[in-house]
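Okay, here's what each chain looks like letter by letter:
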Amino acid sequence: MITHPHNPSAWTLLFSLQGSIIPAIWRKVLFTVVLSSLVVLSHGTLYHYKITPTATPFTLWGLTLAIFLGFRNSVAYQRYWEARTLWGELLISARNLTRQVQDHMPNLPREQRLHVLQPLLAFPYVLRNFLRGVVYEDTNRVLLDVELHSHRQAPALMLALLGKRLHQQGQQYGLNPILQAQMDIQLNQLSQVLGGCERIKSTPIPYPYILMLHRIVHVYCFLLPFCLIDSIGWLTPLAVCILAYTFFGLDALGDQIADPFDTQPNDLPLDAMSRGIEIAVLEMLGEKALPPAVEAKDGILL
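Residues numbered from 1 in each chain as written. Predicted model: local features only at pLDDT ≥ 70, side-chain atom pairs only at ≥ 80, totals over all residues. Heavy atoms only, no water.

1. As for the environment of Q118
Part 1: Counting through the fold element by element, Q118 comes out in helix α4 (residues 110-132).
Part 2: Distance from Q118 to L162, taken between C-alpha atoms, is 7.7 Å for residues 44 residues apart in sequence. (Helix = DSSP H or I, 4+ residues; strand = E, 2+ residues; numbered from the N terminus.)

Here is the structure:
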């Protein structure tokens, strides 16, 4: 996730590259500007044939393209926001479960309490690794004693282990079955979070739709100089640059947020969110040695 300063100046908004989509699209925009300059130098002539398309088809194509881009970005942002909502629910359930363990089993020794909630501390990291398809050392830092590499459903294994430890500790403590059922509700909520994240990860936006949109954007931007050369002349590269930046930028932004669990600049900061959940649980347990919060690097929070 890209972080930005509060109340940025007009200079920062107009010329800052930090937090901009330009690093992802500058090659395409540059190629379009170079192509526009060549069209200006040749006066729109290709192999001694003057290409003079009218503005009408480009107006219709531009309107259609804007609608398609708006729809695709709305769908992509809906996926992004749903993923953020699920991770917010994960934090709420983790706090509720920690509070219930604290309240219902107040005399439980510190070592046993940490042992019971060990899978809860690990669950955000395991879920993050599962969604990204990678392995991080943070999973081992939260005192895991379970081998996860051989399990395809490591997050589900963590929830099963957490439920088993809560049930066993509740029986040893003589906990009321109604109170155990309340903790089981929070486990079910964590399972729903896992299922929701799996649904987003395993159901991408249909590829033919994305492919068609990419092609239309490129064809439109590459043909646009031939339409503008006779009307605005040497200003054609500037006009094409602005339009190419808009269309290529919206296209790239939609690609980035369509998979909110990836590590691209505009995706969810799962590293920081996982660490934040761990810190929240440990604080509620009264732990003093807390891990440091994840800081943004070069304006990007992972």
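2. A closer look at helix α6 (residues 154-173)
Part 1: Between its first and last C-alpha atoms α6 spans 28 Å; for 20 residues at 1.5 Å apiece the expected length is 28 Å, and the two agree.
Part 2: Where α6 is concerned, the buried positions are A154, P155, M158, L159, L161, L162, G163, R165, L166, Q169 and G170.
Part 3: Of the surrounding elements, those touching the buried residues of α6 are α3 (55-104), α4 and α7 (177-202).
Part 4: Where α6 ends, the next residue or the one after it, G174, has phi of about 75°, a positive value. (Expected span 1.5 Å × (residues − 1). Buried < 20%, exposed > 50% of the residue type's maximum accessible area, 1.4 Å probe, protein only. Contact = heavy atoms within 4.5 Å.)

3. Things to note about the pattern of salt bridges
Part 1: Going through the model one piece at a time under the given rule, you end up with eight salt bridges.
Part 2: The salt bridge involving D103 is made with R99; its shortest N-O contact spans 3.9 Å. Of the two residues, D103 and R99 both sit in helix α3, four residues apart, roughly one turn of that helix.
Part 3: Looking at R99, the relative accessible area reads 38%, which means it is partly exposed.
Part 4: The residue R128 makes a salt bridge to D271 at a minimum N-O spacing of 3.1 Å. Highlighted residues: R128 in helix α4 and D271 in helix α10 (residues 270-284), separated in sequence by 143 residues.
Part 5: A relative accessible area of 0% means that R128 is categorised as buried. (Salt bridge = Lys/Arg side-chain N within 4 Å of Asp/Glu carboxyl O.)

4. Observations concerning the nonpolar core
Among soluble globular proteins, nonpolar side chains are generally buried collectively.
Part 1: Judged by nonpolar contacts, the single largest core of 47 residues is most densely connected at W87, L127 and L190.
Part 2: Those elements giving two or more residues to this core turn out to be α3, α4, α6, α7, α9 (236-258) and α10.
Part 3: In terms of residue count, α4 provides more of this core than any other element does, 10 residues in total.
Part 4: Excluding anything up to four places from it in sequence, W87 contacts P124, L127, R128, L131, C197, F261, L270, M273, S274 and I277.
Part 5: The next biggest cluster of nonpolar side chains, apart from the first, holds 19 residues, and it includes I21, I25, L213 and Y220. (Core = buried A, V, L, I, M, F, W, Y, C linked by side-chain atoms within 4.5 Å.)

5. What about the packing of α3 against α7?
Part 1: As a packed pair, α3 and α7 sit with axes 9 Å apart at the nearest point and diverge in direction by 160°. The orientation of α3 with respect to α7, classified from their angle, is roughly antiparallel. Between α3 and α7 lies a crossing whose hand is left-handed.
Part 2: Split by residue class, the contact of α3 with α7 holds 13 nonpolar, nine polar and four charged. (Axes fitted to C-alpha atoms, helices over the stretch in contact; angles between N-to-C directions. Parallel < 35°, antiparallel > 145°, perpendicular 65-115°, else oblique. Left-handed = near helix turned anticlockwise from the far one by under 90°. Nonpolar A, V, L, I, M, F, W, Y, C, P; charged D, E, K, R; others polar.)

Interpretation in functional terms is not warranted from these geometric data alone.
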